[in-house]
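The residues making up each chain are set out below.
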Amino acid sequence: TKTTPNPNFLKFIPNGKVVMEEGTMDFVAARYAHVSPLAKKLFTIDGVTRVFFGRDFVSISKKEDADWNTLKPEIYSVMTDHFTNNLPLFTDQPESEDTKVKEDDSEVVALIKEIIDTRVRPVVQEDGGDITYEGFNEETGIVMLSMRGSCAGCPSSGITLKNGIERMLTHYIPCLLYTSPSPRDS
């Protein structure tokens, strides 16, 4: 790694690998990372706030209170896995429709969608399933979600919903009361 003038950014250089053949790519938030498996994975690391691809480097920013000594090993691991397995930097994967932020979404709904897409969905997909945002009732503070794939009907899905997803969402968005499975899942 190399330091930068900005103490919240570090420049990671993947051993002689070309990151971008031409141009650069700046992911200013996790919601824009759906086109890059590497950026998407880097955003799952708690504390990462921005990812920038250059010709032969990846610059990463962190939250001000995050510690580089904690983040660097996780970042190295993600990048090493990506480059040693020759994974593509970009895919044609479209943004998930359920978590695509719309112009009329409130700030709370936009944040719920971003957390689901960047923090929750990658973990759920590791278990062979998926999670779909179904809606948020601003009056009751209830987020409606559907578990799909191997997570649908799984005995652990209730625990995942309450102890994992609900805890994460209410941590970032205190006005939420709880999560609930979509009526279609019943």
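Position numbers for residues count from 1 along each chain, tracking the sequence in the order it is written. Residues qualify for local features only when their pLDDT is at least 70, as the model is predicted, and side-chain atom pairs are given and counted only at 80 or more; totals for whole chains, interfaces and linings, by contrast, use all residues. Side-chain numbers here rest on the full set of heavy atoms in the structure, without hydrogens or water.

### Overview of the packing of aromatic side chains
Right, on to step 1. Any Phe, Tyr or Trp ring, taking Trp's six-membered ring, that has another such ring centre within 6.5 Å forms a pair; planes under 30 degrees apart are called stacked, those over 60 apart edge-to-face, and the others tilted. A full pass over the atoms with the stated rule returns five aromatic pairs.
Right, on to step 2. Consider the rings of Phe-12 and Tyr-76, whose centres lie 5.6 Å apart with planes at 75°: the pair is edge-to-face. Note that Phe-12 is positioned in strand β2 (residues 9-12) and Tyr-76 in helix α2 (residues 68-84), a separation of 64 residues in sequence.
Right, on to step 3. Overall, Phe-12 belongs to the buried group, its relative accessible area being 2%.
Right, on to step 4. Geometrically, the ring pair formed by Phe-27 and Phe-53 is edge-to-face, given 5.4 Å between the ring centres and 75° between the ring planes. Of this pair, Phe-27 sits in strand β3 (residues 25-27) while Phe-53 sits in strand β4 (residues 48-53), and the two are 26 residues apart along the sequence.
Right, on to step 5. The exposure class assigned to Phe-53 is buried, which follows from its relative accessible area of 0%.
Right, on to step 6. In this arrangement the basic side chain of Lys-11 is found over the ring face of Phe-57, its NZ or CZ atom lying 4.6 Å from the centre. Runs of E in the DSSP output that reach at least two residues are strands. Runs of H or I that reach at least four are helices, and both are numbered from the N terminus. Each residue is placed in one exposure class: buried if its accessible area under a 1.4 Å probe, protein chains only, is under 20% of its type's maximum, exposed if it is over 50%, and partly exposed if it falls in between. Charge over a ring is defined by NZ of Lys or CZ of Arg lying within 6 Å of the ring centre and within 35 degrees of the ring normal.

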